[in-house]
Amino acid sequence: MNNTVRILNYRFYLQEFLLLLFTFFLMEGIVSWVFVRNSIIIEGYQKILSLLIFGFMLYNFRKLSRYERIYMVFFLLIMAGLVFESVARYDTFFRQLTMFTILFPVIFTLYIKYIMRSFNLDLLAFMANFYLVSYLVFMISFGRGFSFSLDSVDMSDYGPFSGDSRVIHASHIFMMIIPFLWYLHQFINTQKTKYIWPFLLCFVIILLHQHRSVWSSTLVALLFYFFITIRNNKINLSGLNNLLMGVVVLSLLAYFFVSNLFPGFFDFMSDRFSEILDPAKEGSTGNFRIEQREIYGALFWERPLFGWTFEGFEMPNPLVDWWPENSGQHFHEGYMEMLFYEGISGLLLKYSFLLYLLIKAFGKNVSGNSAILISLGIAGLVFSFSYVLPLIFWGHVGMCLFYLEKDKETI
């Protein structure tokens, strides 16, 4: 008899749990940091794991679907070109492993989809609980310095931290969109109050950490979630009306108490939100991204198809001088990272999954689980204008592709 473990109201076979723990769950930075508080070790583990997963997918190539094989072949062609360039120009097999890891999300997406299909997993409910519990554990352990001041914090190892009083980096708060939408969906369709409280907690978490990129991404995800679920009749409209009425009442109560207890709080949050519409504000991170986009955009046009590849790592940083030599350009924006290093070919291969999800958002016969993850994927298109998407995000893209396949089987 197979051993089973029950975690967060979800029952796994032991081998399933161990596989997912070491190849999926620990890819979330706020989880891995609880166990290992060293970025070099964590990054080294992820790089080694990426090579192992790549080998695993090659070994199981015959078991993949036709379009999955096509993705694998295109990935292999790009890697073969990089190997040829590395041997010819640098007399080494692969000059910079980062050129593999920044495109590896393509393989990771296919891997998670393959694992979920092989074990016939339904993980979305578990992942919603997983993110909320992980956040609470992390903040209890490391969040004592949280404040609204946005003061910088000097650290020897930044890991999953934001580097200021918000504590957690935007890429990890961004993933809170999953429990935010899942608890919302459950409450609307069941009318059970046990779902409204974690939903409100997720909303407060996203709001108070003040990452404007996460605010805008959450709004986009929420709009697409309502569009998809209403279009596909996957939402209880009476439950939605009750939710809207409750939100209005709670908003009025919150405004009354907060404005009296903390005068100026809403003005402060309003100013922060207004910066979304003014990304070029002097001294802001948005302004830095614009400068980075202008400079590297001009370089991209010099090599638009395959990018600067290994040569980009040796190029001196044209904006700042505090990064070590030959350590790359350290991009804020996901799109510019791909265009600069691997050109249009790498960008299209990596982001084609999200474009596919955008198309599916306007289709029919989409389940509630698929709607939640499609909305997350589209939010990733927005978030990529601000930051590089974390690896675990692409695992959820693989989950979404699996759920979409299940939708077809249901039909």
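Data block above holds the structure.
An account of the accompanying structure is given in this report. (Residues numbered from 1 in each chain as written. Predicted model: local features only at pLDDT ≥ 70, side-chain atom pairs only at ≥ 80, totals over all residues. Heavy atoms only, no water.)

1. Examining the overall build of the chain
To keep it simple, the criterion reads: Under the scheme used here, helices are H or I runs from DSSP no shorter than 4 residues and strands are E runs no shorter than 2 residues, and both carry numbers assigned from the N terminus. C-alpha atoms define the radius of gyration, and 2.2 Å times the number of residues to the power 0.38 defines the globule rule. The rule is simple: take the accessible area with a 1.4 Å probe, protein chains only, and divide by the maximum for that residue type; under 20% is buried, over 50% is exposed, in between is partly exposed. Only heavy atoms enter the contact rule, under which two residues are in contact if any of them lie within 4.5 Å.
Looking only at helices and strands, one finds 18 helices and two strands in the chain. On C-alpha atoms alone, the chain measures out to a radius of gyration of 22 Å, which is about the 22 Å that the 2.2 N^0.38 rule sets for 411 residues. If one aligns the C-alpha atoms of the chain with their principal axes, the spans along those axes are about 65 × 55 × 40 Å. Relative to its 411 residues, the chain shows a buried fraction of 51%. When contacts within the chain are restricted to residue pairs at least 6 apart in sequence, long-range pairs at least 24 apart make up 72% of them.

2. Structural notes on the pattern of salt bridges
What counts is decided by this rule: A pair is scored as a salt bridge if a Lys or Arg side-chain nitrogen falls within 4 Å of a carboxyl oxygen belonging to Asp or Glu.
Scanning the entire structure with this criterion turns up 10 salt bridges. Put simply, Glu311 and Arg89 hold a salt bridge, and the shortest N to O gap is 3.4 Å. With Glu311 in helix H15 (residues 311-314) and Arg89 in helix H4 (residues 66-90), this pair connects stretches of sequence that are 222 residues apart. Judged by relative accessible area, Glu311 falls into the partly exposed class, the value being 21%. The shortest N-O distance in the salt bridge between Arg293 and Glu333 comes to 2.7 Å. Pair noted here: Arg293 is in helix H14 (residues 285-300) and Glu333 is in the loop between H15 and helix H16 (334-360), with a separation of 40 residues, a long-range link. The network of salt bridges with shared partners includes Glu68, Lys113, Arg117 and Glu405.

3. Section: the pairing of strand E2 (residues 10-13)
Heads up, the rule is: Note on pairing: DSSP must find at least two bridges between two strands before they are called paired.
In E2, alternate side chains face the same way, and those of Tyr10 and Phe12 are buried while those of Arg11 and Tyr13 on the opposite face are not. Where strand E1 (residues 4-7) meets E2, four bridges bridge the pair, whose relative direction is antiparallel. Bridge assignment links Ile7 to a residue of E2, and that residue is Tyr10. Connecting E1 to the antiparallel partner E2 that follows it, the hairpin turn spans two residues, and Leu8 within it adopts a positive phi of roughly 50 degrees.

4. Description of the nonpolar core
Keep this limit in mind: Nine residue types can take part in a nonpolar core, namely buried Ala, Val, Leu, Ile, Met, Phe, Trp, Tyr and Cys, and a core is a set of them joined through side-chain atoms within 4.5 Å.
Formed by 130 residues in total, the largest nonpolar core has its most connected members in Phe108, Leu123, Phe174 and Met399. It is H16 that contributes the most residues to this core, 12 residues altogether.

5. Looking at the packing of aromatic side chains
For any pair of aromatic rings, the description consists of the separation of the ring centres together with the inter-plane angle of the planes. Going by this rule: Any pair of Phe, Tyr and Trp rings, taking the six-membered ring for Trp, is counted once the centres come within 6.5 Å. Such a pair is stacked with planes under 30 degrees apart, edge-to-face with planes over 60 apart, and tilted for the rest. Here, over-ring charges are defined by two tests on the NZ atom of lysine or the CZ atom of arginine: distance to the ring centre within 6 Å, and angle to the ring normal within 35 degrees.
Considering all chains together, one arrives at 51 aromatic pairs under this definition. Taking 5.9 Å as the distance between ring centres and 70 degrees as the angle between the ring planes, the aromatic pair formed by Phe56 and Tyr114 counts as edge-to-face. Taken together, the residues span a long stretch of sequence, with Phe56 in helix H3 (residues 39-59) and Tyr114 in helix H6 (residues 105-119) at a distance of 58 residues. Look at Phe56 and you get partly exposed, because its relative accessible area is 31%. The ring of Tyr387 has Arg289 lying over it, and the distance from NZ or CZ to the ring centre is 4.6 Å. Stacked on the ring of Trp308, the Lys or Arg Arg303 has its end atom at 4.0 Å from the ring centre.

6. Quick look at the packing of H4 against H16
Geometrically, a packed helix pair is captured by the angle between its two axes and the distance between the axes. The cut-off we apply is this: Angles shown run from 0 to 180 degrees and are taken between the N-to-C directions of axes, each axis being a line fitted to C-alpha atoms and, for helices, limited to the stretch in contact. For classification purposes, angles smaller than 35 degrees are called roughly parallel, those larger than 145 roughly antiparallel, those between 65 and 115 roughly perpendicular, and all remaining angles oblique. Left-handed describes a crossing whose near helix is turned anticlockwise from the far helix through less than a right angle; right-handed describes the clockwise counterpart. Each residue gets one of three labels, nonpolar for Ala, Val, Leu, Ile, Met, Phe, Trp, Tyr, Cys and Pro, charged for Asp, Glu, Lys and Arg, and polar for the others, Gly among them.
The geometry of H4 relative to H16 is characterised by a closest axis approach of 11 Å and an angle of 155 degrees between their N-to-C directions. The pairing of H4 with H16 is recorded here as roughly antiparallel in orientation. For the element pair H4 and H16, the recorded crossing hand is left-handed. Judged by residue contacts, Tyr71, Phe74, Phe75 and Ile78 of H4 engage Glu342, Ser345, Gly346, Leu349, Ser352 and Phe353 from H16. Its residues assigned to classes, the contact of H4 with H16 shows six nonpolar, three polar and one charged.

7. Quick word on the layout of surface pockets
Put simply, the rule reads: The distinction between a cavity and a pocket rests on a 1 Å grid over the protein atoms alone: a 1.4 Å probe fits inside a cavity but cannot get out, while a pocket stays open yet meets protein on both sides within 12 Å along at least five of seven lines, and a residue with an atom within 4 Å of a point counts as lining. Grid points are joined across faces, edges and corners, and a volume is the space filled by probe spheres set on the points.
Considering only enclosed or pocket space, the second largest pocket measures out at about 1,200 Å³ in volume. Along its surface, the second largest pocket is lined by 28 residues, and Phe203, Val204, Leu207, Val247 and Ser251 are the ones closest to its centre. Secondary structure elements with two or more residues in the lining of the second largest pocket: helix H9 (177-190), helix H10 (193-208), helix H11 (212-231), helix H12 (237-261) and helix H13 (265-274). Of the residues forming the lining of the second largest pocket, the biggest block, eight residues, is contributed by H12.

8. Describing the environment of Arg117
You can see Arg117 is positioned in helix H6. Judged by its relative accessible area of 29%, Arg117 falls in the partly exposed class. Considering only alpha carbons, one finds Arg117 and Phe402, 285 residues apart in sequence, at a separation of 6.7 Å. If we ignore the near neighbours within four places in the chain, the residues touching Arg117 are Lys63, Leu64, Glu68, Phe402 and Glu405.

9. Things to note about the side chain of Glu85
Keep this limit in mind: By the criterion applied in these results, polar contacts are pairs of N or O atoms within 3.5 Å in which, for protein atoms, one can donate a hydrogen and the other can accept it, and in which residues neighboring in sequence qualify only through two side-chain atoms.
Within the element layout of this structure, Glu85 appears in helix H4. Look at Glu85 and you get buried, because its relative accessible area is 16%. Within the local environment of Glu85, its side chain forms a polar contact with the side chain of Thr309, the two groups lying 2.8 Å apart. Excluding anything up to four places from it in sequence, Glu85 contacts Tyr90, Thr309 and Phe310.

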